[in-house]
Amino acid sequence: MSLHFYKVIYCFLQKLKRFMDQNFSIILPTFHEAKNILNLLLRIGNLDMGSHKFEVIIVDDNSNDGIETIVSSLQSEFSWLRIIIRQGQKSLSTAVIEGIKASTYPLCLVMDADLSHPPEKILELITELTKPNIDFVIGSRYINGGTYDQQWPWVRRIISKAATKLATHLISIPITDPLSGFIAFKKSLFTLNAPLRPIGFKIGLEILVRSQSSRITEVPIHFADRKNGKSKLRLRIMVDYLLHLIRLYCFKYLSKKKTKKILLG
Ligand SMILES: Nc1nc2c(ncn2[C@@H]2O[C@H](COP(=O)(O)OP(=O)(O)OP(=O)(O)O)[C@@H](O)[C@H]2O)c(=O)[nH]1
Ligand SMILES: [Mg+2]
């Protein structure tokens, strides 16, 4: 067969690969979100995803609130919808990791299921992610054009700002919202460098720091306060966050030997 034939096949396969590389998995970690999930899935179902193939993977930590029934009633209409119910585990970060591991496509997007993150921005995050030299996209409250509901008590606002400030030094380029839970990234990042060892809620920060990527961009979003269900933000979550930060600062700035000394005494 002629060289020309091989060239044509090669170009065709390259194009096919690029096309397939645009498909994405949406991971929704849930705990007691039955009151929000229908609304969120209907909004996702209404989106025009263009040529992208996608799936939605809900990872629920055995909430026992009827979410399974809601999801199975939708599955005949929404063939892209899957649910994983975890028994005996409860952690947002490990739920997200489980969702990523179960995902089919090369791009992953993670968002809260409490309607704080607008699903109408999903395609914008994915479009940014498919640009050359971008590995990680953040749906950002604090970048120009980003907004958030103003109903937080001042204590929560101060905690949020301080937590954000502490995290920015861990990332190699200036980022306004490194703690956002609305993120999209290439799955290849996940296995690139050090293994993930998250504590608590901030899985996006964990992936950003451990992968040491600087190919990051932000997309402005409106962050809405949750209308239904209870917040899981408790003192325990804040303590977990501080422990997580110490672990990440050690990873970034100290040798393995010194880190062991600090963490194990
Ligand atoms: N699977 C799983 N999902 C969780 C867990 N904790 C929280 N989530 C989900 O993670 C997302 C973010 O949690 P939220 O409780 O909204 O936390 P937050 O956004 O920091 O705080 P509020 O919006 O004020 O409640 C939501 O979709 C939760 O249902 C958990 O332990 N396991
Ligand atoms: Mg929330």
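A few points on the structure. (Residues numbered from 1 in each chain as written. Chains lettered and ligands numbered in written order. Predicted model: local features only at pLDDT ≥ 70, side-chain atom pairs only at ≥ 80, totals over all residues. Heavy atoms only, no water.)

**Here's the deal with the packing of aromatic side chains**
Reasoning step 1: A complete count under the given rule lists 6 aromatic pairs for this structure.
Reasoning step 2: Pairing Y142 with Y148 gives two aromatic rings, centres 5.7 Å apart and planes at 85 degrees, and the pair type is edge-to-face.
Reasoning step 3: Judged by centre distance (5.8 Å) and plane angle (25 degrees), the ring pair of Y249 and Y253 falls under stacked. Of the two residues, Y249 and Y253 are both situated in helix α9 (residues 235-253); the distance of 4 residues between them amounts to about one turn of the helix.
Reasoning step 4: Here Y249 falls in the partly exposed class, since its relative accessible area comes to 25%.
Reasoning step 5: Residue class for Y253 comes out partly exposed when judged on its relative accessible area of 48%. (Phe/Tyr/Trp six-rings, centres within 6.5 Å; stacked < 30°, edge-to-face > 60°. Helix = DSSP H or I, 4+ residues; strand = E, 2+ residues; numbered from the N terminus. Buried < 20%, exposed > 50% of the residue type's maximum accessible area, 1.4 Å probe, protein only.)

**Concerning empty space enclosed by the protein**
Reasoning step 1: Enumeration over the complete set of coordinates arrives at 1 cavity of 30 Å³ or more.
Reasoning step 2: By volume, the largest cavity is sized at about 60 Å³.
Reasoning step 3: Lining the largest cavity are R141, Y142, Y148, W152, R157, S160 and K161.
Reasoning step 4: A class-by-class count of the residues in the lining of the largest cavity yields 3 nonpolar, 1 polar and 3 charged. (1 Å grid on protein atoms, 1.4 Å probe; cavity = no way out; pocket = protein on both sides within 12 Å on 5 of 7 lines; lining within 4 Å. Points joined across faces, edges and corners; volume = space filled by probe spheres on them. Nonpolar A, V, L, I, M, F, W, Y, C, P; charged D, E, K, R; others polar.)

**Digging into the sheet that holds strand β5 (residues 136-140)**
Pairing between the strands of a sheet is mediated by backbone hydrogen bonds and can be parallel or antiparallel.
Reasoning step 1: Taken together, 7 strands build an open sheet; the order of strands is β3-β2-β1-β4-β7-β5-β8 and the sheet is mixed. Pairing within the sheet leaves two strands with one partner each, and these edge strands are β3 (81-85) and β8 (216-220). Each adjacent strand pair in this sheet contributes to an overall mean axis angle of 20 degrees, direction not counted.
Reasoning step 2: For strand β2 (residues 54-60) and β3, the ladder comprises 5 bridges, and the chain directions are parallel. Bridge assignment links V56 to a residue of β3, and that residue is L81.
Reasoning step 3: Packed onto the sheet, helix α5 (residues 122-129) meets β1 (24-30), β4 (107-110), β5, β7 (183-186) and β8 and runs at close to 30 degrees relative to β7. (Pairing = 2+ DSSP bridges. Axes fitted to C-alpha atoms, helices over the stretch in contact; angles between N-to-C directions. Contact = heavy atoms within 4.5 Å.)

**Let's talk about the pattern of salt bridges**
Side-chain pairs of opposite charge can arise where the charged atoms are in close proximity.
Reasoning step 1: Scanning the entire structure with this criterion turns up 13 salt bridges.
Reasoning step 2: Here R210 makes a salt bridge to E206, at a shortest N to O gap of 2.7 Å. Note that R210 and E206 are positioned in helix α8 (residues 203-211) at a spacing of 4 residues, about one turn of the helix.
Reasoning step 3: Looking at E206, the relative accessible area reads 0%, which means it is buried. (Salt bridge = Lys/Arg side-chain N within 4 Å of Asp/Glu carboxyl O.)

**Description of α8**
Reasoning step 1: Most of α8 is tucked away, with 9 of its 9 residues classed as buried.
Reasoning step 2: Buried within α8 we find I203, G204, L205, E206, I207, L208, V209, R210 and S211.
Reasoning step 3: Q212 lies just past α8 and shows a positive phi near 55 degrees.

**Here's the deal with the site of ligand 1**
Reasoning step 1: Surveying the vicinity of ligand 1 reveals 18 residues, the closest of which are E33, D61, K90, D114 and R226.
Reasoning step 2: At 2.7 Å, a side-chain N or O of D61 approaches a nitrogen atom of ligand 1.
Reasoning step 3: Between ligand 1 and the protein, one listed contact pairs an oxygen atom with a side-chain N or O atom of D112 at 3.2 Å.
Reasoning step 4: Isolated, ligand 1 exposes 620 Å² of accessible area, and the fraction of that covered by the protein chains is 94%.
Reasoning step 5: Listed by contribution, the elements that provide at least two residues to the shell around ligand 1 are β1 and α4 (92-102). (Near = heavy atom within 4 Å. Polar contact = N/O pair within 3.5 Å; in protein donor to acceptor, adjacent residues only side chain to side chain. Areas by Shrake-Rupley, 256 points an atom, 1.4 Å probe, with all protein chains shown as cover.)

**Points about the nonpolar core**
Reasoning step 1: Counting residues in each nonpolar core, the largest one holds 34 residues, and the members touching the most others are I26, L41, V56 and I122.
Reasoning step 2: At the level of elements, β1, α2 (34-45), β2, α3 (67-75), β4 and α5 are the ones that each hand at least two residues to this core.
Reasoning step 3: Every residue in contact with I122, bar those within four places of it in the chain, is listed here: F24, I26, I44, L47, M49, L109, M111 and F182.
Reasoning step 4: If you look at the next biggest cluster of nonpolar residues, it comprises 32 residues, including V110, A163, I171 and V209. (Core = buried A, V, L, I, M, F, W, Y, C linked by side-chain atoms within 4.5 Å.)

**Topic: the side chain of N23**
Reasoning step 1: Note that N23 resides in the loop between α1 (3-20) and β1.
Reasoning step 2: When its relative accessible area of 8% is taken as the criterion, N23 is described as buried.
Reasoning step 3: With sequence-adjacent residues up to four places away left out, N23 is seen in contact with S51, H52, K53, Y105, P106 and L107.

**Focus on a nonpolar patch on the surface**
Reasoning step 1: Taken together, the side chains of F5, Y6, I9, F12, L13 and L16 define a hydrophobic patch exposed on the protein surface, amounting to about 580 Å² of accessible area.
Reasoning step 2: Along the chain, I9 turns up in helix α1. (Patch = residues over 30% accessible without salt bridge, like charges linked within 9 Å, V, L, I, M, F, W, Y side chains within 5 Å.)

**Side note on the packing of helix α6 (residues 154-168) against α9**
Reasoning step 1: In contact at an axis separation of 11 Å, α6 and α9 are set at 15 degrees when each is read in the N-to-C sense. Taken as axis vectors, α6 and α9 run roughly parallel relative to one another. Considering how the two elements wind past one another, α6 and α9 form a crossing that is left-handed. Where α6 approaches α9, its residues I159, A163, L166 and A167 are matched on the opposing element by M238, Y241, L245 and Y249.
Reasoning step 2: Residues belonging to the contact of α6 with α9 are distributed by class as follows: 8 nonpolar, no polar and no charged. (Parallel < 35°, antiparallel > 145°, perpendicular 65-115°, else oblique. Left-handed = near helix turned anticlockwise from the far one by under 90°.)

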